[in-house]
Amino acid sequence: MRSVIIFFVLGMIFLSACDTGENLSTPTPIPTATATATATATLTHTPTSTSTSTPTSTATSTSTPTATPICDIPCLVEKLRPSVVLVEAQLPATALDEDSWGYGTGVVYDALNGYIITAEHIVEGASSVTIWTSGSSKPRSARIVGRASCDDLAVLKVEMTDGLVAAKLVTGSDLRSGSDVIALGYPYTGAPDSELSVSTGVVSKLHVQIGEYNDLIEMTAPIAPGSSGGPLLNRRGEVVGINVGGLGTGYNFAISMSYVLPILPDLENGVNHDYLGLNLYPNLYKQYFGTDEGVVVIGVATGSPGDQVGFKPEDLLLEVEGSKVNSRYDVCSIVRSHTSGDRLKVKVRRISNGGVQTCEGQIVLGQNGGPSGNLLCIGAGKDGSNSPGGEEQVILLNSDFESGRVSPWLLDQHDGISWTAGDGYYTISINANSPAYSFPDQGNISNLHNGAVVAVAKATGMGRFGLSARYSLTGNQESKYACWIDNARRVGCFKTVAGGDTQLIAEYKSSAVKPYQPNELVMAIVENELVFAVNGEIVARVTDDSLSSGTWGMYAATDRGGFAAHYDGIAIVEYRYTD
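Residues numbered from 1 in each chain as written. Predicted model: local features only at pLDDT ≥ 70, side-chain atom pairs only at ≥ 80, totals over all residues. Heavy atoms only, no water.

Trainee: Explain the overall build of the protein chain to me, and be specific about the residues and the numbers.
Mentor: Of regular secondary structure, the protein chain possesses 7 helices and 36 strands. Across the 579 residues in the protein chain, those meeting the buried criterion constitute 56%. For the protein chain, restricting intrachain contacts to residue pairs at least 6 apart in sequence, the fraction spanning at least 24 positions comes to 66%. Accessible surface, the protein chain: about 22,500 Å² in total, of which carbon and sulfur atoms supply 48%. (Helix = DSSP H or I, 4+ residues; strand = E, 2+ residues; numbered from the N terminus. Buried < 20%, exposed > 50% of the residue type's maximum accessible area, 1.4 Å probe, protein only. Contact = heavy atoms within 4.5 Å. Areas by Shrake-Rupley, 256 points an atom, 1.4 Å probe, with all protein chains shown as cover.)

Trainee: Let's hear about the sheet that holds strand E13 (residues 239-245): which residues, and what values?
Mentor: In spatial order, the strands read E9-E10-E11-E14-E13-E12; together these 6 strands close into a barrel with antiparallel pairing. The mean inter-strand angle of the sheet, taken between neighbouring strand axes irrespective of direction, is 45 degrees. Relative to strand E11 (residues 213-219), strand E10 (residues 197-210) is paired through 4 bridges, and the arrangement is antiparallel. What sits directly across from valine 208, in E11, is leucine 216. Strands in contact with helix H1 (residues 73-80) are strand E9 (180-185), E10 and strand E12 (231-233); relative to E9, the strand with the most contacts, it is inclined by about 40 degrees. (Pairing = 2+ DSSP bridges. Axes fitted to C-alpha atoms, helices over the stretch in contact; angles between N-to-C directions.)

Trainee: Residues and numbers for the sheet that holds strand E4 (residues 101-110), please.
Mentor: In spatial order, the strands read E3-E4-E5-E8-E7-E6; together these 6 strands close into a barrel with antiparallel pairing. With strand direction ignored, the average angle separating the axes of adjacent strands in the sheet is 40 degrees.

Trainee: Please provide a residue-by-residue account of the packing of aromatic side chains, values included.
Mentor: Tallied over the entire structure, the rule returns 9 aromatic pairs. For the pair tyrosine 288 and phenylalanine 289, a centre-to-centre distance of 5.0 Å together with 85 degrees between the ring planes defines the contact as edge-to-face. Each member of the pair, tyrosine 288 as well as phenylalanine 289, is classed as buried. On the basis of an interplanar angle of 55 degrees and a centroid distance of 6.2 Å, the ring pair of tryptophan 409 and tyrosine 426 is categorised as tilted. Of this pair, tryptophan 409 sits in the loop between strand E22 (392-400) and strand E23 (412-414) while tyrosine 426 sits in strand E25 (residues 425-430), and the two are 17 residues apart along the sequence. Pair check on accessibility: tryptophan 409 and tyrosine 426 agree, each one buried. (Phe/Tyr/Trp six-rings, centres within 6.5 Å; stacked < 30°, edge-to-face > 60°.)

Trainee: Residues and numbers for the confidence of the model for the protein chain, please.
Mentor: When pLDDT is averaged along the protein chain, the result is 81; 79% of the residues meet or exceed 70. Here residues 1-68 is a poorly scored stretch, pLDDT under 50, and it has 271 contacts once near neighbours within four places are set aside; other chains count. Contacts for the low-pLDDT stretch residues 380-390, under 50 throughout, to residues beyond four places or in other chains number 45 contacts. (pLDDT = per-residue confidence, 0-100.)

Trainee: Can you break down the state of the cysteines residue by residue, with the values?
Mentor: Tallied over the full model, the rule gives 3 disulfides. Covalently, cysteine 71 is tied to cysteine 75 through a disulfide, its sulfur atoms 1.5 Å apart. Between cysteine 71 and cysteine 75, the S-S torsion sits near -130 degrees, and that sign places the bridge as left-handed. Looking at cysteine 71, the relative accessible area reads 3%, which means it is buried. On the basis of relative accessibility, which here comes to 27%, the residue cysteine 75 falls in the partly exposed class. The side chain of cysteine 150 participates in a disulfide bridge whose partner is cysteine 332; the two sulfur atoms lie 2.2 Å from each other. Taking the sign of the torsion about the S-S bond as the criterion, the disulfide between cysteine 150 and cysteine 332, at about -95 degrees, is left-handed. Taken together, the positions of cysteine 150 in the loop between strand E7 (140-148) and strand E8 (153-158) and cysteine 332 in helix H7 (residues 328-335) put the pair 182 residues apart, joining distant regions of the chain. (Disulfide = S-S within 2.5 Å.)

Trainee: An account of unusual backbone geometry is requested, with residue identities and associated values reported.
Mentor: In this model, serine 407 is joined to proline 408 through a cis peptide bond whose omega is 15 degrees. Examined against the element boundaries, proline 408 turns out to sit in the loop between E22 and E23. Of note, histidine 207 is a non-glycine position whose phi angle comes to about 60 degrees, a positive value. A relative accessible area of 59% means that histidine 207 is categorised as exposed.

Trainee: Can you explain the pattern of salt bridges? Please cite residues and give values.
Mentor: Evaluated as defined, the whole model comprises 22 salt bridges. The partner of glutamate 507 in a salt bridge is arginine 464, and the shortest N-O contact between them spans 3.1 Å. Taken together, the positions of glutamate 507 in strand E31 (residues 500-509) and arginine 464 in strand E28 (residues 464-474) put the pair 43 residues apart, joining distant regions of the chain. You can call glutamate 507 partly exposed: its relative accessible area is 32%. (Salt bridge = Lys/Arg side-chain N within 4 Å of Asp/Glu carboxyl O.)

Trainee: Hey, could you go over the pairing of E9 for me, with residue numbers and the actual values?
Mentor: With 5 of 6 residues buried, E9 is to be regarded as a mostly interior element. In this sheet, E10 lies alongside E9 in antiparallel orientation, the contact comprising 6 bridges. When the sheet's bridge partners are listed, alanine 183 is paired in E10 with serine 199. The pairing of E9 with E12 spans 2 bridges and is antiparallel. Its bridge partner lying in E12, alanine 183 is registered against leucine 232.

Trainee: With reference to specific residues and values, describe the nonpolar core.
Mentor: The biggest cluster of nonpolar side chains holds 48 residues, and the ones touching the most others in it are Trp409, Tyr426, Ile428, Met523, Phe532 and Tyr567. Here this core takes 5 residues from strand E36 (residues 563-576), the largest share from any one element. (Core = buried A, V, L, I, M, F, W, Y, C linked by side-chain atoms within 4.5 Å.)

Trainee: Residues and numbers for the side chain of asparagine 252, please.
Mentor: Within the secondary structure, asparagine 252 sits in strand E14 (residues 252-256). Since its relative accessible area comes to 16%, asparagine 252 is described here as buried. Engagement of the side chain of asparagine 252 in a polar contact is seen with the backbone nitrogen of isoleucine 223, the distance being 3.2 Å. Those residues in contact with asparagine 252, other than ones at most four positions away along the chain, are Ile217, Glu218, Met219, Thr220, Ala221, Pro222, Ile223, Gly245 and Gly246. (Polar contact = N/O pair within 3.5 Å; in protein donor to acceptor, adjacent residues only side chain to side chain.)

Trainee: Quick one: what's the story with the environment of alanine 254, residue by residue and with numbers?
Mentor: Here alanine 254 shows up in strand E14. By relative accessible area, which is 0% here, alanine 254 ends up buried. Taking the C-alpha atoms as reference points, alanine 254 and valine 244, 10 residues apart in sequence, are found 5.2 Å from one another. Once residues within four sequence positions are removed from consideration, alanine 254 is found in contact with Asp215, Leu216, Ile217, Met219, Leu232, Gly241, Ile242, Asn243 and Val244.

Trainee: So what about H1? Which residues, and what values?
Mentor: For H1, the set of buried residues is Leu76, Val77 and Leu80. Summarising the axial view, the buried residues of H1 lie within an arc of 100 degrees, below the 170-degree limit, and thus occupy one face. Seen from the open side of H1, the exposed residues pointing more than 90 degrees away from its buried face are Pro74 and Lys79. N-cap assignment for H1: the residue whose side-chain oxygen lies 3.0 Å from the backbone N of cysteine 75 is aspartate 72. (Arc of directions from axis to C-beta.)

Below is the structure:
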C-alpha cells in the first residue's frame, strides 16, 4: 500500500496511513551562556593614555620622579566591584532546553543613566534581563537598548541606579605585548551572591582577528564561562577590553576598547548594527535536527526582524542568501555585506510535531519594528494540530484514493479528456491539446482564500501536472493560479485572469522533480504570496494580488495527447489566523 505523509506551510497532513520521521531520543539541553565562550564584555567612556605599570609622579625640586602603582590588585578589585555586574537572561524553554537561562557579566559605564555593556549572545532573545551588583541579593530589571550582533556587544539600561559606579573605558593605546592585564567576571554559578572572580596575565598579541571578531586582545589571563562580557583592566583599573573567552582556540581574548568605543554611542541611542534579532548557537544537536549543519536559534528578540519573519527558538538556520551557514561567522560575513533594510533570503529547518519542516523566506536586516519579511514552511510531521506559525489549520478535504472513494472529485469523459479512478489513483487522461482541471464539489472549498493544496502525483507521457488554486469561472472566462512539473524536470507557475494567461515564473529545470515517480506537491497561498514546493523543496515563490479567492484542486495539460496524471492522494487545508 502506498503511503505518504506531507507537511506544508503552517501544518501537516496525512494523505495515507504511515509513519515518518525519526524516533528521537531526548536531546541534550542547550548550554546556557555560562558555558559559552563567545561573549563580549563591558566598557566605559573617556579614553586616556596609560602605561603598563601606571606610574604616578612623586617628583620634588631636588629628586628624580619615582613610578609607584596607584593600587595593588586587591585594591583595584574593590574599586571596580560596584562597576561589574552579574547579568541573567531568561531565554524561552524549548525541546532542546526546558529551562534556559543565560548568565554572564556586564560593566557599568554610565552610572547616572544606568548604562551597562555586556555580551550580546547572553541577552539576545531573552524574555527578561536582570542584573545584580556584587554581594547583593537585590535584582534590578534591565532592558536592551542597542546591540551590535556581529560584534557580540549589547548595551543594557537599568532604572535603579543607586550604588552603581561607572568604570572608566579607555582605548588602551599604550598596551604592548607583555603588558599586565586583569580580567573580572562572574563565572559558573550565576547565583546572585556570587563572588567576583579575578584572573591575571599579560598581553600576548594585539589586533587579532578570529571569526566575526575584528580586533581582539590575546592574553594569558584565563576567561571562565560566565565571565564573558566582563572587563579586561590595565594596572590602573581602566577597562581596555571586553572579555570573550577562548572562542574555541584554547587561548583567551577580549575585544579591544579601541574597537568598542566608536560603536558605543549608536548602541546607547538604540541604533543596532548587523541586526537580525536571532541568538545563534553552534549546532550540537545532530540527533534532534537530523544534521550537524546550520546554526541553532536559541532566542528571538521580540519585535525584531527575526520575530517579524516568524523565526522561533529551536529553529535551525541553514542558509542565508543561498550560502550555507554553520557558524556565527558565516552569518556575519553575509550580513556585514548588506545594509539596514536589505531583504536576505533564508532557509530554515524546523522540527514540528515530530516531523521536519523546511522553511524559506526573507528577513529584513535592520531595526525593531521595521518592514516585515516572510517565512513559509513546508515539511512532514505526525498530526494536524496547530501550525508552528500561530495559525490554525483546518483540513477541509483529505482524499486517499487507495480506498476507492472518489467523491467529491469529478468522474467524467468528454472532449478527449477523462477523469477516472482505479488501482489506488485518481487519473486525468488527456488525448487532446487541452488543459484539464479537477475541483471537488464541496461548498466550503469553492471560495477559499488562505490555504494549501497538497498531493502526491506522477505522470506518464509528456505533459504538465500539478495543482491549481483560487479558480473561478465568470461566464466562459476562467481565472486561477496553477503550478506544475513535468517528466523533463521542468517547473512553472502561471495565472489566468479573465481568460488570459501570464507566467508567474519562467519555467526552469529543478533537481527536486522525480521523473515518472511519485512527487510530493504543495501549493500554498497566504494573502498575496504563493509558494510551490516539490518533494520538500520550495521551487517557486511569487507575490501577486490578482486573485483573492476561489476553489482549489488539480491541473494537467499537454500539447500532444497520450498523457496521464495520476494522483495518489490530495488534501485541501484552510489557514485561519488568530490574533
